[in-house]
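Read off the chains here:
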4 protein chains.
Amino acid sequence: MRFLSDNAASVHPKVWKAMRAADGPDSPYDGDVLSQQLDDRFSELFGREVAVLWVATGTAANCLALSAMVPPHGGVVCHREAHIEMDEGGAPGFYLHGAKLMLADGEGAKLTPEAIRAVIDPIRDDVHQVQPHAISITQASEYGRVYQAEEVAAISALARERGLGLHMDGARFANAAAFLGVSAAQAAGDVDALSFGCVKNGGMSAEAMVFFDPALADVVRYRRKRAGHLQSKGRYLAAQLLAMIEDDLWLDNARAANAAARAIAQSGAGRLMHPVEANEVFIRLTPQERETLREQGFQFYDWGADAARFVAAWDSDLAEARMLGERIADL
Amino acid sequence: MRFLSDNAASVHPKVWKAMRAADGPDSPYDGDVLSQQLDDRFSELFGREVAVLWVATGTAANCLALSAMVPPHGGVVCHREAHIEMDEGGAPGFYLHGAKLMLADGEGAKLTPEAIRAVIDPIRDDVHQVQPHAISITQASEYGRVYQAEEVAAISALARERGLGLHMDGARFANAAAFLGVSAAQAAGDVDALSFGCVKNGGMSAEAMVFFDPALADVVRYRRKRAGHLQSKGRYLAAQLLAMIEDDLWLDNARAANAAARAIAQSGAGRLMHPVEANEVFIRLTPQERETLREQGFQFYDWGADAARFVAAWDSDLAEARMLGERIADL
Amino acid sequence: MRFLSDNAASVHPKVWKAMRAADGPDSPYDGDVLSQQLDDRFSELFGREVAVLWVATGTAANCLALSAMVPPHGGVVCHREAHIEMDEGGAPGFYLHGAKLMLADGEGAKLTPEAIRAVIDPIRDDVHQVQPHAISITQASEYGRVYQAEEVAAISALARERGLGLHMDGARFANAAAFLGVSAAQAAGDVDALSFGCVKNGGMSAEAMVFFDPALADVVRYRRKRAGHLQSKGRYLAAQLLAMIEDDLWLDNARAANAAARAIAQSGAGRLMHPVEANEVFIRLTPQERETLREQGFQFYDWGADAARFVAAWDSDLAEARMLGERIADL
Amino acid sequence: MRFLSDNAASVHPKVWKAMRAADGPDSPYDGDVLSQQLDDRFSELFGREVAVLWVATGTAANCLALSAMVPPHGGVVCHREAHIEMDEGGAPGFYLHGAKLMLADGEGAKLTPEAIRAVIDPIRDDVHQVQPHAISITQASEYGRVYQAEEVAAISALARERGLGLHMDGARFANAAAFLGVSAAQAAGDVDALSFGCVKNGGMSAEAMVFFDPALADVVRYRRKRAGHLQSKGRYLAAQLLAMIEDDLWLDNARAANAAARAIAQSGAGRLMHPVEANEVFIRLTPQERETLREQGFQFYDWGADAARFVAAWDSDLAEARMLGERIADL
């Protein structure tokens, strides 16, 4: 009964099927017929023209997108617990050539205009201090919190006002959209680039970089190759992405994961560290309680000394999730 | 009848099978059971202890390996037509943080000790000139030429003498080993790191970085993550690599490709720009001759104004290759 | 009556004299007779063998030294208000190729072993998180606080234990040594590299990078040139450094500055934000009080909304400093 | 009798005088009254509006200027023997974050539109190859050759046509202008940025980055600080630059150096490797001939096995230069 992470879940059968259907030779890199469909298909999904490039990981997607917005001498405002700050092994420093992450606070790893201003307003406009060039937010956040459309809009307005780019890390974008019950466009809002997650949601090895500003894509095309991320058999990555948005598989998978997370969260609001909106559940549990759950067959990660993190995936067994919720309630 | 490139050929059925067998959840990144087998299995293949990391592309494999050998202020000697110089979109500049490629000459894109010395001996040992820290050779070369064991040994001896690291770009290492009819260890010789190609040889999206010096692997582990190349479902990459070396599939595939290339080369030594040793055939052909061949259904790339490049892959049809050879002879 | 900063004070007559004496042609770069004396003269000063390189600015000195200790994928622990974090325009990101500054807390911008451990102990030893490779401390600190020998020793012991390099930003090292009344060696303690400040202490354009580990100097020699910091007429920089340590000019100048700072600080411990140990005085003053002082002819910078920073230099007029102290007391 | 290099010649008395006159406190960095005059004074010199920043070395001037024109994934066309390629210790790789130098041929280290096209025309407009973003030429060239106004114009026209930036390394710009007998504006032509040399021409430690496009200066301001090149007592650098252009000292000094070079070159056109246009003389001399000259007290560098390089400076003794010319003629 695994609730360790969604990042190692199985590959969805429809994704497998699409990959197999892509077999046979085609043009290399992104010259194949599937990669060539990405712009159109995602433009339909988002209801506006977008340019889409595949890449193998969320880290690469985030950092490549940001590298087109931020010069080496600039900075990116992000949450202090953002994935790009905490879990990407310094990839932003690499891809942005030493640009600086500027850390903001905010409940549930979400940013607000106030939190962003608290970081950027004290920066003197002189050469001794790194100047901000972009903002990065995570939808859903690292604590499974979801930005409402108006929250993104407020951040976006601030970004426009200050001339900053706006990037959205959407490793769990599907879970956010499923929670909100809105369109992809509404869940993304007015950002410049979105890392549209697929791997955590039933994919194997493909994430979509969605550029609402095509000029960014023109830069990232070169940066992707330069980073060794232009795979020669790109059709197998495109196939995953197309399968994922075909017939809303991305939403179906996310709904399933969210539902399992809610089932776990039944255990009682009292123990929850954060409201459960997407597919992650952070629960206060003593070491002994965690030991008890593990003895019952549940796998999960500790979260600090007195809590645990449970992550549901598209293939989580809802019955197991319910059982876990009950067992926690029983503690 | 495609002889465009081996880089977009189909995925071998055994690779597909291994990938499917890897389905089901496992630990993320390279903590899964398959990734954990790589060191042992490749150590058996090479008859000595090696550390092996998967990565999605040859560009990343080459540059990550070199990044562990060369400081940002150093240089890498390579052939003027090496893939790292010509076709990686500046990836060495990115991964090596501005280190310099030092270009040497050599027939068939192969280096010799003399050619290397001609580059490094004139470099004054002072801070005004970039100092060499490594050598990179390609086995088989960008023109399909293969280094004999003693040729690698001579370069290796020079590298040791000068305190330089030695890297081998083995995007077509299998084709070289198949041509030589020697073991993997003999085809690699005494290099520090080998990019062991798989994608061009029937794989989908996995190359093996083989480190004969484990200290290099310890650095590259961090660099791989930092480059966004640590995929969360790494088991599907490990599966490809294990399938490829299982029962010598890598050699079988390479032998098939080499045989098809030889069949094309039948067309007559007179037209060949380079001896055909691996799976690439460079043939002098006028624009009109190329037009004729294309009308006959053959697909291939022009190579400059008066030649063409034909590349055979593991799945090339030997009969088609023979027919191509005959058609060329008929011109 | 300027108490704005020591970084724009006049050049000391002895420094001018030494520069003029260096006129006439000599070997370029650091091949001249003066640059060649640096190692010996500073080795005498520190009572142990050191390698010394000149450079024009403290930012370059700090970042070049750190660049030899920290790989691009590594990190440097420093205080949250350290100069390298706050005031160097992102230079560490540039020189360290994207390595990360890891921010620690500590009173008066000083680090302690506890504060350092609070930063590094939670870092998981895996590739997802940047690993620390060095510590940087500032002597005297950005708030004019001085590390006692045993405080540096405790940090040094931690650095050794954890295998971390230790760098000391000594932009105001002379002020610290003068306050402590100890030798240069004792004020530096067991660090690997020291940025020995000269510009703020009566120099014009030279700082000394002092390497207690000569292997670091061997790397930095290349990095300095690569950063465009190897001036062709280096003898004028060497002359400044030699003049500064000749007959303890560095200590005389620092003592004068410290004395002026103490005179300002007479104004009453109640207003002081930090104990005055070096040549900086941070005093709580309302906007109106600051206005009053400025009307009396004193120049200084605001420090946030309710305080001011006064910096004394080697050429500060002690009488003016006393008068300032009295005026503040009168407020 | 030193003809080793102009890079270590004495500092001109007028420069010393200006530096001394700059003593006394002023605002730090480039906020002082002298630095603030640079834009206006150089705008007068060039007869058009320019933005000017000081920096200590030609390497930094060249690389900072180029860093504002070329993204990390781009390239710079320069001569195969350009200073940025041969003698800057890899600084372009550092400052341009791994961008590539694209080497062109050309007599006397001068580029022509044809030579540039020979480099850039074969570059496929795809992501596998680094794309050019700028051209860098050296006035006077590394072999002391000078671009006529129409030669610069032709290169400039090509740059505009292809959307490339154009940078001029003017370490010996004064020598070129003096040779041409034209205004600064005419010697520079329609470039985007010029490294206006001062150190080799009687300065101590200041070069001027002259930006004809002020947007470049706005970027370089940040980059200069980030590179540790924003000296706190910048007034001493500004003083040098202002002294140099006051009353055409820059031209007077260059004329003196050029005259001395011509005197050396009297030795006979037959031995000259390059026409002598600026202040460098490359002469074919056997080892024995060089030995003879050295015994006569002349100091100079060998240039390969069968030649020598003589460089005259502003303070070269014309009588000594003539004597050298005669001695060479006597050989």
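Rules used throughout
Position numbers for residues start from 1 in each chain and track the written sequence from start to end. Numbering of ligands from 1 and lettering of chains from A proceed in the order in which they are written. Thresholds applied to this predicted model are a pLDDT of at least 70 for local features of residues and 80 or more for the giving and counting of side-chain atom pairs; totals over whole chains, interfaces and linings are not thresholded and use all residues. The basis for every side-chain value is the complete set of non-hydrogen atoms in the structure, without hydrogens or water. Reported domain spans reflect what an automatic or database domain assignment gives. Contacts: residue pairs with any heavy atoms within 4.5 Å of one another. One speaks of a salt bridge when a side-chain nitrogen belonging to Lys or Arg is within 4 Å of a carboxyl oxygen belonging to Asp or Glu. Any N or O atom pair separated by 3.5 Å or less is treated as a polar contact, with the protein-specific requirement of one donor-capable and one acceptor-capable atom, and with residues adjacent in sequence counted only for side-chain atom pairs. Segments assigned H or I by DSSP are reported as helices when at least four residues long, segments assigned E as strands when at least two residues long, and all are numbered from the N terminus. Each residue gets one label: Ala, Val, Leu, Ile, Met, Phe, Trp, Tyr, Cys and Pro are nonpolar, Asp, Glu, Lys and Arg are charged, and the others, such as Gly, are polar. Think of it this way: a Phe, Tyr or Trp ring, Trp meaning its six-membered ring, pairs with another when their centres are within 6.5 Å, and the plane angle makes it stacked under 30 degrees, edge-to-face over 60, tilted otherwise. Criterion for a charge above a ring: Arg CZ or Lys NZ at most 6 Å from the ring centre, at most 35 degrees from the ring normal. Burial status follows relative accessibility: with a 1.4 Å probe on protein chains alone, a residue under 20% of its type maximum counts as buried, one over 50% as exposed, and anything between as partly exposed. To be clear, the arc concerns the directions from the helix axis to the C-beta atoms. When the copies are superposed, the least-squares fit draws on C-alpha atoms of residues that have pLDDT of at least 70 in both. In this description, strands pair whenever DSSP reports at least two bridges between them. Lines fitted to the C-alpha atoms define the axes, with helices restricted to the stretch that makes contact. Angles between their N-to-C directions range from 0 to 180 degrees. A 1.4 Å probe defines the accessible area here, and the buried area is the portion of it lost by two parts on being joined, summed over both.

**Student:** I'd like to hear about the domain arrangement of chain A, residue by residue, with values.
**Tutor:** All names here are of chain A. Partitioning chain A into structural domains gives domain 1 (11-249) and domain 2 (254-330). Between the C-alpha centres of domain 1 and domain 2 the distance comes to 28 Å. Taken residue by residue, the interface counts 18 residues in domain 1 and 14 residues in domain 2. Taken together, the links from domain 1 to domain 2 amount to 2 salt bridges. In this structure, Arg-145 and Glu-277 form a salt bridge, with 3.3 Å as the shortest nitrogen-oxygen distance. For the pair domain 1 and domain 2, the interface holds 6 residue pairs in polar contact (both at pLDDT 80 or more). Here the element with the most residues in the side of domain 1 that touches domain 2 is helix H8 (residues 173-180); it accounts for 4 residues. A class-by-class count of the residues in the side of domain 1 that touches domain 2 yields 8 nonpolar, 7 polar and 3 charged.

**Student:** Which residues make up the packing of aromatic side chains, and what values go with them?
**Tutor:** All names here are of chain A. Evaluation of the coordinates by the stated rule reveals 58 aromatic pairs over all chains. Between Tyr-143 and Phe-282, the aromatic rings sit 5.0 Å apart at their centres with planes inclined by 70 degrees, giving edge-to-face as the arrangement. Residue Tyr-143 is located in the loop between strand E4 (131-138) and helix H7 (149-162), and its partner Phe-282 is located in strand E8 (residues 280-284); the two are separated by 139 residues in the primary sequence. Aromatic rings pair up to connect Phe-42, Phe-46, Phe-173, Phe-196, Phe-212 and Trp-250 into one cluster. Just above the ring of Tyr-147 sits the side chain of Lys-110; from NZ or CZ to the centre is 5.2 Å. The side chain of Arg-224 reaches across the aromatic face of Trp-54, ending 4.3 Å from its centre.

**Student:** If you had to explain helix H6 (residues 113-120) of chain A to someone new, which residues and values would you point to?
**Tutor:** All names here are of chain A. Along H6, the positions that sit buried rather than exposed are Pro-113, Ala-115, Ile-116, Val-119 and Ile-120. Taken down its axis, H6 places every buried residue within 165 degrees of arc, on the same side. In H6, the exposed residues that point more than 90 degrees away from the buried face are Glu-114 and Ala-118.

**Student:** Kindly report on the relation of the copies chain B and chain A, identifying the contributing residues and their values.
**Tutor:** Under the fitted operation, chain B is carried onto chain A by 0.0 Å of movement along the axis and a turn of 180 degrees, and the coordinates agree to an RMSD of 0.0 Å. What we have between these two chains is a two-fold relation. When C-alpha positions in chain B are compared against the rotation axis, the closest is assigned to B:Ala227, at 3.6 Å. Of the interface residues in chain B, 100% have counterparts in chain A that sit at the interface too, so the contact is made through matching surfaces.

**Student:** So what about the pattern of salt bridges? Which residues, and what values?
**Tutor:** Under the defined criterion, the tally for this structure stands at 89 salt bridges over all chains. The salt bridge involving C:Arg172 is made with C:Glu280; its shortest N-O contact spans 3.4 Å. Taken as a pair, C:Arg172 in the loop between strand E5 (165-170) and helix H8 (173-180) and C:Glu280 in strand E8 (residues 280-284) lie far apart in primary sequence, 108 residues in all. Linked through salt bridges whose partners overlap, the residues forming this network are A:Asp6, A:Arg172, A:Glu280 and A:Arg309.

**Student:** Please provide a residue-by-residue account of the sheet that holds strand E7 (residues 207-211) of chain C, values included.
**Tutor:** Residues and elements named next belong to chain C. The strand order across the open sheet formed by 7 strands is E1-E7-E6-E5-E4-E2-E3, and the pairing between neighbours is mixed. Each end of this open sheet is capped by a strand with a single partner; those strands are strand E1 (51-55) and strand E3 (100-104). In this sheet, adjacent strand axes meet at a mean angle of 25 degrees when their direction is disregarded. As paired strands, E1 and E7 are joined by 5 bridges and run antiparallel to one another. Paired with Val-52 across the bridge in E7 is Val-210.

**Student:** Describe the interface of chain D and chain C, listing the residues and the values that go with them.
**Tutor:** For an interface, size is often stated in terms of accessible area lost upon the parts coming together. Contacts between the two partners involve 47 residues from chain D, matched on the other side by 47 residues from chain C. Among the residues of chain D in contact with chain C, D:Trp16, D:Phe94 and D:Lys233 are the three that bury the most area, contributing 20% of the side total. Summed over the shared surface of chain D and chain C, the result is 35 residue pairs in polar contact (both at pLDDT 80 or more). If one sorts the elements of the side of chain D that touches chain C by residue count, helix H5 (residues 91-95) of chain D sits on top with 4 residues. The residue makeup of the side of chain D that touches chain C, split by class, is 19 nonpolar, 17 polar and 11 charged.

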